[in-house]
Amino acid sequence: MKLSKTNYLIYQDCGKNAWLKIHKPEVYKSQPLSEFEMMIIETGNDVDTLARGLFPNGVLVEDRDDTELTKSLIEKKTPVIYQPVFETEKFKMISDIFVWNSEVGAYDVYEVKASNSGENKKAKDEIYSNDLAFQYVVLKENNIPINKLYLVRLNKEYIRAGDIDLNGLLTKEDFTDKVNGIIDAVSSDMDSAFGVLSQTEEPHGECKCITRGRSSHCTTFKYSNPDVSDYSIHDIARIGLSKKKLEDLVDMNLEKFSILEVPEDFELSDIQKNQVQVAQIDKKLIDKNAISEFLETIKYPISFLDYETFPSAIPRFSGYGPFNQIPFQFSLHIASEESIEPAHSEFIFSESTKPDIEFIEALQKQLPKTGSIIVWNKSFEMGINNKLVERNPEYKDFLENLNSKVVDLEDVFKKQMYVHKGFKGKTSIKFVLPTLSDLSYKELGIQNGAVASDTWNKIVTDQYSETDKQTQIQDLLKYCKLDTYAMYAIWKHLLSVI
Ligand code: SF4
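Just so it is clear, the structure is predicted and the values come from calculations on it, not from any experiment.

Engineer: For this particular structure, what's the right way to read the layout of surface pockets?
Structural biologist: Here the idea is plain: a probe the size of a water molecule rolls over the atoms and shows the empty space left. Volume-wise, the second largest pocket comes out at about 1,000 Å³. Elements that contribute at least two residues to the lining of the second largest pocket include exactly α4 (35-51), β7 (106-116), β11 (302-311), α14 (378-391), α17 (429-436), α18 (449-460) and α19 (466-497). When residues in the lining of the second largest pocket are grouped by element, the largest group, five residues, is from β11. For the lining of the second largest pocket, the per-class residue count stands at 12 nonpolar, 11 polar and eight charged. The residues that make up the lining of the second largest pocket include at least three from each of domain 1 (3-197) and domain 3 (290-497).

Right under this line is the structure:
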């Protein structure tokens, strides 16, 4: 076995997970990659290819095992090499871009990442430093002359104006000092990783994720922890942020770590207590007064509105920055009074051009001038509207007025005016809807926002035949329509409850 850079980075996060990936791929891959994960991979490839434009006319090593071609390109001091491949007795890796620096007679190494320097910068920089340190160790063992190590990533301040300005969109940061500071530690850690991961015997011992919240668990958690119930202490809302609480619960050896076994006097926040309580006594908690007050703030005609968007890492249009959401679709149900079924209308933009104006004008045409606008998770729709204003200031009044009428139906569940064991501590509409009604997303061709996003991207980048494209457009319309009808159905349910 040769340890790849990817597997080493997984090992740094969790040795057991890396071992399962290498030795039990059927377990590691038992859950196929989600559309969201595939989109991340695709985005990485796109940004990688784009970054080559910073150093044009390079030679691409197409075969991912071609160490011989890499060697000969290096010997010839080829000015720019894309995807050079290296290996040692224990390790193997592919770099992104090598650029010959004739002044110092060595290569500069550029590692490209499809992320920006925004959220979690410190944690990301640590991973990127380890990534470059791995490369440095392998390159040194291959006697490759190395000058500087750079990280190339997206500039979150960049706003496209006309053609993409590669030097504005991508930043080059010198990571050489960061890498030099950790090189010895990484080198010895790589040897340890090789030792652990080349063993054929499965590592024993407890999964450290037993003291982490559900969202931190990897896809092999169930395999390694078959005795943990599907609704366990790990599902208590925000429990992953209270490490001590979760450790105390684990230490109690509750049967199957089930949420049903949490002692009544265990100290939890009110939100957590309510969640545990409804699961244990199998009853709903409904604060009718609070729901009543909330519903009274809603004015007729009531517009149930939902957007679908695509976050393009590489800005597609002027006015857009990296990962800015492109709004391409909305659905609208309008209830003019309580007793009659809502009227439905919708909009979808299926061209590859910028949809802003058509999107806003369809909203202008279809939304009533008065009444409340109900959304689920208002920061999303309102954030999209704010970005639309930045790019299209001529629609400022309309979009700001729209935002002023928004009411967030999710608040009923976030603020625990209504708690049901079927929500499992979540407030996503995908949990709330099937619990409170007979409606469900299960029968739809598209069942979540990530798939909707990916589908639209494939439509506008011509990845479907004409027939498939029309089918996908219909699936998108059905999906978004259910999102707004779901809000209507939940609102009706709340009315019936009070
Ligand atoms: S569940 Fe956590 S500790 Fe267990 S293998 Fe996955 S990442 Fe590692």
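Engineer: What am I meant to see in the site of the ligand here?
Structural biologist: Contacts to the ligand come from Cys14, Asn17, Cys207, Lys208, Cys209, Cys218, Thr220 and Phe221. The class makeup of the residues in the shell around the ligand is five nonpolar, two polar and one charged.

Engineer: What is the right way to read the domain arrangement of the protein chain from this model?
Structural biologist: Often, the extent of an interface is quoted as the loss of accessible area upon association of its parts. Considered domain by domain, the protein chain is made up of domain 1 (3-197), domain 2 (209-281) and domain 3 (290-497). The gap between the C-alpha centroids of domain 1 and domain 3 is 38 Å. Counting the surface lost from both domain 1 and domain 3, the interface buries some 1,300 Å², and carbon and sulfur atoms represent 67% of this. Among the residues of domain 1 in contact with domain 3, Glu35, Met39 and Arg160 are the three that bury the most area, contributing 41% of the side total. For the pair domain 1 and domain 3, the interface holds zero salt bridges. The tally of links from domain 1 across to domain 3 stands at five residue pairs in polar contact (both at pLDDT 80 or more). Of all elements in the fold, only α4 and β7 reach the threshold of two or more residues within the side of domain 1 that touches domain 3. No other element matches α4, which puts eight residues into the side of domain 1 that touches domain 3.

Engineer: Would you take a moment to explain the sheet that holds strand β5 (residues 91-94) for this structure?
Structural biologist: What holds strands together in a sheet is hydrogen bonding between their backbones, with the strands either parallel or antiparallel. Spatially, three strands are ordered β1-β5-β4 in an open sheet, and the strand pairing comes out mixed. A strand with exactly one partner marks an edge of an open sheet, and here the two such strands are β1 (3-4) and β4 (85-87). Along the sheet face, helix α6 (residues 121-141) touches β1, β4 and β5 and points at about 115° away from the line of β5.

Engineer: Would you mind going over the packing of aromatic side chains with me for this structure?
Structural biologist: Aromatic ring pairs are defined here through the distance separating the ring centres and the angle between the ring planes. One pass over the full model with this rule turns up 26 aromatic pairs. With centroids separated by 4.7 Å and ring planes inclined at 10°, the aromatic side chains of phenylalanine 328 and tryptophan 456 adopt a geometry described as stacked. Here phenylalanine 328 is found in strand β12 (residues 325-335), whereas its partner tryptophan 456 is found in helix α18, with 128 residues between them in sequence. For tryptophan 456, a relative accessible area of 1% corresponds to the buried category. Relative to phenylalanine 359, the ring of phenylalanine 347 lies with its centre 5.9 Å away and its plane at 80°, an arrangement referred to as edge-to-face. Taken as a pair, phenylalanine 347 in strand β13 (residues 343-348) and phenylalanine 359 in helix α13 (residues 356-366) lie far apart in primary sequence, 12 residues in all. Owing to a relative accessible area of 12%, phenylalanine 347 belongs among the buried residues under this scheme. Ring-pair connections join several aromatic residues into one group, and the members of that group are Tyr8, Tyr11, Phe91, Phe134 and Phe194. Lying over the aromatic face of phenylalanine 175, lysine 178 brings its terminal NZ or CZ to 4.2 Å of the ring centre. One residue, arginine 391, lies across the ring of tyrosine 320, its end atom 3.7 Å from the ring centre.

Engineer: Would you mind going over the sheet that holds β7 with me for this structure?
Structural biologist: If you walk across this open sheet you meet the six strands as β2-β3-β6-β7-β8-β9, and the pairing is mixed. The open sheet has two free edges, formed respectively by β2 (59-60) and β9 (170-174), since each of these has just one partner strand. One ladder, built from three bridges, connects strand β3 (residues 80-82) with strand β6 (residues 97-101); its direction is antiparallel. Its bridge partner lying in β6, valine 80 is registered against valine 99. The sheet contacts of α4 involve β6, β7, β8 (146-154) and β9, and relative to β7 the element is tilted by about 140°.

Engineer: How should the pairing of β12 be read in this particular structure?
Structural biologist: Walk down a regular strand and you will see the side chains alternate between the two sheet faces. Most of β12 sits inside the fold, with 10 of its 11 residues counted as buried. Of the pairings in the sheet, the one linking β11 to β12 comprises 10 bridges and is antiparallel in character. Looking across to β12, one finds that aspartate 306 is bridged to serine 331. Sheet topology places β12 next to β13; six bridges connect them, and they run antiparallel. Within the sheet, the bridge partner assigned to glutamine 329 lies in β13 and is isoleucine 348.

Engineer: Teacher, can you tell me more about helix α11 (residues 270-281) here?
Structural biologist: Because an α-helix completes one turn every 3.6 residues, residues spaced three or four positions apart along the sequence face the same direction. Helix length check: α11 (12 residues) gives 16 Å between terminal C-alpha atoms against 16 Å at 1.5 Å per residue, within 8%. Buried within α11 are the following residues: Gln272, Gln275, Val276, Val278 and Ala279. All buried residues of α11 lie within an arc of 165° about the axis, which places them on one face of the element. Buried residues along α11 sit in contact with α10 (243-251), β10 (285-286) and β16 (418-419). Where α11 terminates, the next one or two residues include aspartate 282, which has phi positive at roughly 55°.

Engineer: In this structure, what is going on with the nonpolar core? I would like to understand it.
Structural biologist: Inside soluble globular proteins, nonpolar side chains tend to come together where they are buried. Leu409, Val412, Phe413, Tyr418, Ile490 and Leu494 are the most contacted members of the largest nonpolar core, which has 46 residues in total. Where this core is concerned, the elements lending two or more residues are α12 (288-296), β11, β12, α16 (411-414), α17, α18 and α19. Sorting elements by how many residues they give to this core places α19 first, with 12 residues. Excluding residues within four positions of it along the chain, leucine 494 makes contact with Ile291, Leu295, Leu409, Val412, Phe413 and Tyr418.

About the thresholds
Residues numbered from 1 in each chain as written. Predicted model: local features only at pLDDT ≥ 70, side-chain atom pairs only at ≥ 80, totals over all residues. Heavy atoms only, no water. 1 Å grid on protein atoms, 1.4 Å probe; cavity = no way out; pocket = protein on both sides within 12 Å on 5 of 7 lines; lining within 4 Å. Points joined across faces, edges and corners; volume = space filled by probe spheres on them. Helix = DSSP H or I, 4+ residues; strand = E, 2+ residues; numbered from the N terminus. Nonpolar A, V, L, I, M, F, W, Y, C, P; charged D, E, K, R; others polar. Domains from an automatic or database assignment. Near = heavy atom within 4 Å. Buried area = accessible area lost by both parts, 1.4 Å probe. Salt bridge = Lys/Arg side-chain N within 4 Å of Asp/Glu carboxyl O. Polar contact = N/O pair within 3.5 Å; in protein donor to acceptor, adjacent residues only side chain to side chain. Pairing = 2+ DSSP bridges. Contact = heavy atoms within 4.5 Å. Axes fitted to C-alpha atoms, helices over the stretch in contact; angles between N-to-C directions. Phe/Tyr/Trp six-rings, centres within 6.5 Å; stacked < 30°, edge-to-face > 60°. Buried < 20%, exposed > 50% of the residue type's maximum accessible area, 1.4 Å probe, protein only. Lys NZ or Arg CZ within 6 Å of the ring centre and 35° of its normal. Expected span 1.5 Å × (residues − 1). Arc of directions from axis to C-beta. Core = buried A, V, L, I, M, F, W, Y, C linked by side-chain atoms within 4.5 Å.

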